[in-house]
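# Results of the structural survey
Below are the chains, spelled out letter by letter.
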Amino acid sequence: MTLVAEQASVSRIMFQVLAALVPAVAVYVWYFGPVILVQLGLASAAALLSEAVMLRLRSYPVEPFLRDGSALVTAWLIALSFPPLAPWWLTVTATVFAIVVAKHLYGGLGNNLFNPAMVGYAVAIISFPLQMTRWSAPTALAAVPLGFAEQVAYVFGGGLPAGLGLDAVTLATPLDTLKTHLALGEAAGDIMKMPVFGFLGGEGGEILALAYIVGGIWLWRQRVITWHVPVMFIATVAVLAAAFHAANPAQYAGAPLHLAGGATMIGAFFILTDPVSSPTTPRGKLIYAGGAGFLTYVIRVWGGYPDGVAFATLLMNLAAPMIELHTQPRVYGQRDSGRSGGGKP
Amino acid sequence: MRKLHSFSGGIHPPEHKEQSTREPIAQASLASRLIVPLQQHMGAVGDPLVRKGQRVLKGQPLAAAAGAFSAATHAPTSGMVSALELHPAPHPSGLLALCAVIEPDGEDRWTEHSPLDWRNADPQATLARLRDGGVVGLGGAVFPTAVKARGNGRPVDTLIINGGECEPYITCDDMLMRERAPEISRGIEILQRLTGAREVVVGIEDNKPEAVAAMEAACGASAIPIQVEPVPTLYPAGGEKQLIKVITGREVPSRGLPAEVGVVCFNVATVYAVYRAVELGEPMVSRVVTVTGNVHAPRNFECLLGTPVGELAALAGPCVDTDGFIMGGPLMGFPLPSDAVPVVKATNCVIASSEALFPKPPPPMPCIRCGRCAEACPAGLQPMDLYWFAKAHNLAKAEEFSLFDCIECGCCDYVCPSHIPLVQYYKFAKGEIRTLAQEKETADRARRRHEFRQYRQDREKQERAARLASRAPGAKKAPATPEALAESQEAE
Amino acid sequence: MLTGIIIVAGIAAVLGALLGYAAIRFRVEGNPVVAEIDKILPQTQCGQCGFAGCHPYAEAIAEGQADINRCPPGGERNIRRLADLLGVEFKPLSDDVAEPKPRSLAVIDESLCIGCTLCIQACPVDAILGASKQMHTVIASECTGCELCLPPCPVDCIRMVPIKEDLGNWRWKYPANPLRAA
């Protein structure tokens, strides 16, 4: 070990990621109500508890690993990608699954092949599609805005205030709405005049996307992430969306919806940039993000799920080791990539 | 101004250099006894030339150079050899090395100096002078300078003088250049003549403007054209491979030597030792050492080799909470096993350490593959992959991913947010690979010897059988040809 | 039905002929696995595995007559390498062979040696020099530390001296990690 070192630590990195999510949380509270804070708390508690239990079971020291903050990052990403009115057991199940199976059964911090948060998300959306596609309507659009107490009551299974149907308080996401209405044969341009689409990509969602960008740029300035993944991912989604929109505007929404809607920005800056499950080489990051952007677009437009970021991430996680192997940079004094080794010492 | 190039990676650690550059180089006082390891260079070591109880003069050889890859060792002062014994060496292992212990007589009386007229001398004579004068690379690798200057049949067009000194705290080369630039430029002339290089460039990190100015003045007055080139301050710009890249744009081939790209590189302190050995006829018995860190008066000392580190550090007044000494810098240096180990040719810096100055790092966390090490690596490696392989004892993979191109500079350790002792893993893996290679060689030799023995035993058995057969009554007299042996074998 | 039988029989005949030809044309002398195993074995020729040297043990492993965990000088590292090579599970060193010892060299106490040449005959790698009635000595660089010279010596003048760690053979140690699983 060198005697001097930079002021850096795993927990510092993880808490920087959490800090970068704060603007998005604030926007969330503003547009969808403070119930997101309950979801964050639920997920955090579930994550820390299951992390502690797993560390104990695996005979690792609990305290230093609980303090590293990685479980909290997983928890927050799950809470932020779930519908704010998701029932409490869904958030908890997904979080526990993410920590226990996707993280600890793969060897714990630093050894997971898949992004734990996205594993949690995938499990939830496959097992409980109904609950996962019912998003609380933005406060401004809801027929009857729910108060905080009513939201919390609903999350904990208390049901809705008398006389209110679920449809009165929830709305499908813009991407989901688009998909449903396209299937009914309507033109994309007309569908997007609906209020849920807001100005660019969803009432509330577009400001949320902006908040993720702000947090992401700060992370980049803090050298927690590099530019490769966000830039390449956003560019791929934008180019694909623009190209298909230009070819057939009635069938395909334009780039603004794809960039501002759904999980594009949280994916670009917070999910795909997870260092453990993504390639480390610069060229590898570009290929990885390009592939994820392509898959995200394909799943969104032709797939069966309203958004594609989670599945695109998981598929590219699978490919990450291979990408890394084939994108080794050139080593000083060698002609080609770093895998040539050379003779015996 | 020449066009400079850049290497990938690198870091900007806090320099901590100005503390030890406020005062000029001081002469270290004579230690109570000097402990001189006979081997202070890479390569073979000769038998001791002195006995216990023998009186020696300053500069008298204690061990001669043995073979081509060697350099001599000399008595640093006059006095009596009180012992030839094993003594803890300044080495991370703390193991013992054969040392001559000299009780100084206080007169510091030199042997006869024999300056060499190198401009008119045979280059071989100059090279022999370097070898017998004990001149080795003082940048840390202690490679015999004569071997490097010989060129080994490869034409060298560029001679690079390394005044980079990029590691924090260390200022001995800086002070040497500020104070003894004319002598260094004479040394450069000698090396230019030996190597036949057309171009001579002195590379100095641009955080040493005084050294650059002094060297520019001295080199401007030189008989040969010498460029003094400030290079951007970026650790490890003073690494040989990195400096060569910055100045020439050429890369030393993997596992190769700089001479393969027409470059040879010497550290400024080495060049100064070359000047003293050749022009003054003084063998290498002292060097400039930075004493800094947790001391009251950090500064540079001209110090006799063999001076115990504790006695040298005492001159700078270690603070009361000093808990040990580091040899070298905070990135590549190592903690000394005790303060009784001597200053050797490789000792450029002694840092007094304390818990406050170098706090113990927190226990290492798992690697999260953040990639900061890869960004910092000046060799363009993927340190997290090498760590992964070394940790899993997957030596073949580590080698395949260019483990041996690692220069152990410590950049990856410095930036690692998980505080993993990465370089130690690489050193471990390199050692294992070398051990395995050696074991394989031993095993192959044993196999050959065993197979030969079996062949010999078979042959002896056949010969015996043939003899018996020939002695048997009525048997044909058979000449002991291989065919006959084979026949008799078949007859059995 | 008949056509089917003929076709299948025809295919079998052609393939059989091809295989037969390949077996002759690409015949490999000796068992290549034996050489690979022999490369891993430490070549001490000590016989602690119960075989008369490394090569016989390699043959026995290749034929499945001996386990991979019978070589004390090779230690666990070599068992792992053998397991890797042969695609079998690692197993700890067998109980019925000796405990591994640090690598040692045989040293003859030359004042006691009577020059009987028994050790010279026992040495599997010809690492002992000497002649009848002449003092014997071990060539340190060739000694594998097999200890086969010890039993024949009638005056017990041979000692095994462990190889000490010095500056030449010292290696960096594997870093300790306090946060490992307990």
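Residues numbered from 1 in each chain as written. Chains lettered and ligands numbered in written order. Predicted model: local features only at pLDDT ≥ 70, side-chain atom pairs only at ≥ 80, totals over all residues. Heavy atoms only, no water.

### Focus on the overall build of chain B
Along its length, chain B carries 13 helices and 16 strands. Overall, chain B is about 100 × 60 × 50 Å in size when its C-alpha atoms are taken along their principal axes. Taken over 492 residues, chain B has a buried fraction of 58%. Restricting to contacts in chain B with at least 6 residues of sequence separation, those with at least 24 account for 74%. Accessible surface, chain B as shown: approximately 19800 Å² in total, 54% of it carbon and sulfur. Where the 52 positive side-chain charges of chain B centre and where its 57 negative ones centre are 7 Å apart. (Helix = DSSP H or I, 4+ residues; strand = E, 2+ residues; numbered from the N terminus. Buried < 20%, exposed > 50% of the residue type's maximum accessible area, 1.4 Å probe, protein only. Contact = heavy atoms within 4.5 Å. Areas by Shrake-Rupley, 256 points an atom, 1.4 Å probe, with all protein chains shown as cover. Lys, Arg positive; Asp, Glu negative; His and termini not counted. Charge placed at Lys NZ, Arg CZ, Asp CG, Glu CD.)

### Overview of the interface of chain C and chain B
Between chain C and chain B, the contact holds 32 residues from the first and 34 residues from the second. In this assembly, chain C packs against chain B so that about 3000 Å² is buried in total across both faces, 56% of it on carbon and sulfur atoms. For the pair chain C and chain B, the number of links is seven salt bridges. Residue Asp38(C) is joined to Arg447(B) by a salt bridge in which the shortest nitrogen-to-oxygen separation is 3.0 Å. Inspection of the chain C/chain B interface yields 17 residue pairs in polar contact (both at pLDDT 80 or more). Taken together, the elements giving at least two residues each to the side of chain C that touches chain B come down to helix H2 (32-40), helix H4 (75-86) and helix H5 (118-122) of chain C. Each residue belonging to the side of chain C that touches chain B can be placed in one class, and the counts come to 15 nonpolar, six polar and 11 charged. (Buried area = accessible area lost by both parts, 1.4 Å probe. Salt bridge = Lys/Arg side-chain N within 4 Å of Asp/Glu carboxyl O. Polar contact = N/O pair within 3.5 Å; in protein donor to acceptor, adjacent residues only side chain to side chain. Nonpolar A, V, L, I, M, F, W, Y, C, P; charged D, E, K, R; others polar.)

### A few points about the packing of helix H12 (residues 205-221) of chain A against helix H15 (residues 264-271) of chain A
Residues and elements named next belong to chain A. Orientation of H12 relative to H15, taken along the N-to-C sense of each, is 15°, at an axis distance of 9 Å. On the basis of their axis angle, the class for H12 and H15 is roughly parallel. For the element pair H12 and H15, the recorded crossing hand is left-handed. For the pair H12 and H15, the contacting residues are Ala209, Tyr212, Ile213, Gly215, Gly216, Ile217 and Leu219 in the first and Met265, Ile266, Phe269 and Phe270 in the second. (Axes fitted to C-alpha atoms, helices over the stretch in contact; angles between N-to-C directions. Parallel < 35°, antiparallel > 145°, perpendicular 65-115°, else oblique. Left-handed = near helix turned anticlockwise from the far one by under 90°.)

### Thoughts on the pattern of salt bridges
The full count for this structure, using the stated rule, is 44 salt bridges over all chains. Arg330(A) serves as the salt-bridge partner of Glu251(B), at 2.7 Å between the closest nitrogen and oxygen. Here Glu251(B), found in the loop between helix H5 (240-248) and strand E11 (263-267), pairs with Arg330(A), found in the segment after helix H17 (309-326), and the two come from separate chains. For Glu251(B), a relative accessible area of 17% corresponds to the buried category. For Arg456(B), the salt bridge identified is with Glu460(B), shortest N-O distance 3.5 Å. Here Glu460(B) and Arg456(B) lie together in helix H12 (residues 422-471), a separation of four residues that amounts to about one turn.

### Details of the sheet that holds strand E3 (residues 55-56) of chain B
Across the sheet, which stays open at both edges, the four strands sit in the order E2-E7-E6-E3 (chain B) with antiparallel pairing between neighbours. Because the sheet does not close on itself, it has two edges, and the strands there are strand E2 (34-37) and E3 of chain B. (Pairing = 2+ DSSP bridges.)

### Some remarks on the interface of chain A and chain B
On the side of chain B, 47 residues touch chain A, which itself brings 42 residues to the contact. Here chain A packs against chain B, burying approximately 4000 Å² in sum over the two surfaces, 57% of which is carbon and sulfur. Put simply, chain A and chain B have two salt bridges between them. If you look at where chain A meets chain B, you find 17 residue pairs in polar contact (both at pLDDT 80 or more). Contributing elements (two or more residues each) for the side of chain A that touches chain B: helix H1 (10-32), helix H3 (62-66) and H17 of chain A.

### Some remarks on the domain arrangement of chain C
Residues and elements named next belong to chain C. In terms of domain boundaries, chain C breaks down into domain 1 (32-86) and domain 2 (101-164). With centres defined by C-alpha atoms, the gap from domain 1 to domain 2 works out at 25 Å. Each side of the interface is counted separately: domain 1 has four residues, and domain 2 has five residues. For the pairing of domain 1 and domain 2, the buried interface totals around 370 Å² over both sides, and the portion due to carbon and sulfur atoms is 59%. Area buried by domain 1 at its contact with domain 2 is led by Thr44, Gln45 and Cys46, which between them contribute 82% of it. One can count one residue pair in polar contact (both at pLDDT 80 or more) joining domain 1 with domain 2. (Domains from an automatic or database assignment.)

### Remarks on unusual backbone geometry
Residue Pro236(B) is reached from Tyr235(B) by a cis peptide bond, and omega for that bond is 0°. Summarising the element assignment, Pro236(B) is placed in the loop between strand E10 (227-231) and H5.

### Here's the deal with a nonpolar patch on the surface
Residues and elements named next belong to chain C. Together, Ile7, Ile11, Val14, Leu15 and Leu18 make up an exposed nonpolar region whose accessible area comes to about 480 Å². Mapped onto the elements of the fold, isoleucine 7 is located in helix H1 (residues 2-25). Since its relative accessible area comes to 51%, isoleucine 7 is described here as exposed. (Patch = residues over 30% accessible without salt bridge, like charges linked within 9 Å, V, L, I, M, F, W, Y side chains within 5 Å.)

### A word on the domain arrangement of chain B
Residue and element names in this part refer to chain B. Along its sequence, chain B is carved into domain 1 (18-288) and domain 2 (361-492). Averaged C-alpha coordinates put domain 1 and domain 2 at centres separated by 36 Å. If you look at the interface, domain 1 gives six residues, while domain 2 gives eight residues. Carbon and sulfur atoms make up 48% of the area that domain 1 and domain 2 hide from each other, which totals about 610 Å². Summed over the three residues of domain 1 that lose the most area to domain 2, namely Tyr235, Gln242 and Arg255, the buried surface amounts to 63% of that side. Applying the counting rule to domain 1 against domain 2 returns one salt bridge.

### Remarks on helix H6 (residues 116-127) of chain A
Residue and element names in this part refer to chain A. When the terminal C-alpha atoms of H6 are compared, their 16 Å separation across 12 residues agrees well with the 16 Å that a helix rising 1.5 Å per residue should span. Where H6 is concerned, the buried positions are Pro116, Ala117, Met118, Val119, Gly120, Tyr121, Ala122, Ala124 and Ile125. Near the N-terminus of H6, the side chain that reaches the backbone nitrogen of alanine 117, with its oxygen 3.1 Å away, is that of asparagine 115. (Expected span 1.5 Å × (residues − 1).)

### Describing the confidence of the model for chain B
Predicted confidence across chain B gives a mean pLDDT of 89, with 96% of residues reaching 70 or more. Element-level pLDDT for chain B is lowest in helix H13 (residues 482-491) of chain B, with a mean of 49, against a maximum mean of 95 in helix H11 (residues 411-415) of chain B. (pLDDT = per-residue confidence, 0-100.)

### Side note on the sheet that holds strand E9 (residues 199-205) of chain B
Residues and elements named next belong to chain B. Here we have four strands laid out as an open sheet, ordered E10-E9-E8-E11, and parallel in their pairing. A strand with exactly one partner marks an edge of an open sheet, and here the two such strands are E10 and E11. Going across the sheet, the axis of each strand differs from the next one's by a mean of 25°, ignoring polarity. As judged from the five bridges shared by strand E8 (residues 158-163) and E11, these two strands associate in the parallel manner. The residue bridging isoleucine 160 from the neighbouring strand is cysteine 265, located in E11. Against the sheet, H5 engages E8, E9, E10 and E11, with an angle of about 120° to E8.

### A look at the side chain of Thr296(A)
All names here are of chain A. Position of threonine 296 among the secondary structure elements: in helix H16 (residues 282-302). On the basis of relative accessibility, which here comes to 1%, the residue threonine 296 falls in the buried class. Not counting the four nearest positions on each side in its chain, threonine 296 is found in contact with Phe233, Asp307, Gly308, Val309 and Ala312.

### Digging into the packing of aromatic side chains
Evaluated as defined, the whole model comprises 21 aromatic pairs over all chains. Where Tyr28(A) meets Phe32(A), the ring centres are 5.2 Å apart and the plane angle is 50°; that geometry is what we call tilted. Pair noted here: Tyr28(A) and Phe32(A) are both in helix H1, with a separation of four residues, about one helical turn. There is no split in this pair, since Tyr28(A) and Phe32(A) are both buried. Ring centres of Tyr169(B) and Phe358(B) lie 5.9 Å apart, and the angle between their planes is 70°; on these two criteria the pair is classed as edge-to-face. One end of the pair, Tyr169(B), is in the loop between E8 and helix H3 (172-195); the other, Phe358(B), is in the loop between strand E16 (349-353) and helix H8 (372-376), and 189 residues separate them in sequence. For the residue pair Tyr169(B) and Phe358(B), the accessibility class agrees, reading buried in each case. We note Lys148(B) situated over the ring of Phe266(B); from NZ or CZ to the ring centre the distance is 5.4 Å. (Phe/Tyr/Trp six-rings, centres within 6.5 Å; stacked < 30°, edge-to-face > 60°. Lys NZ or Arg CZ within 6 Å of the ring centre and 35° of its normal.)

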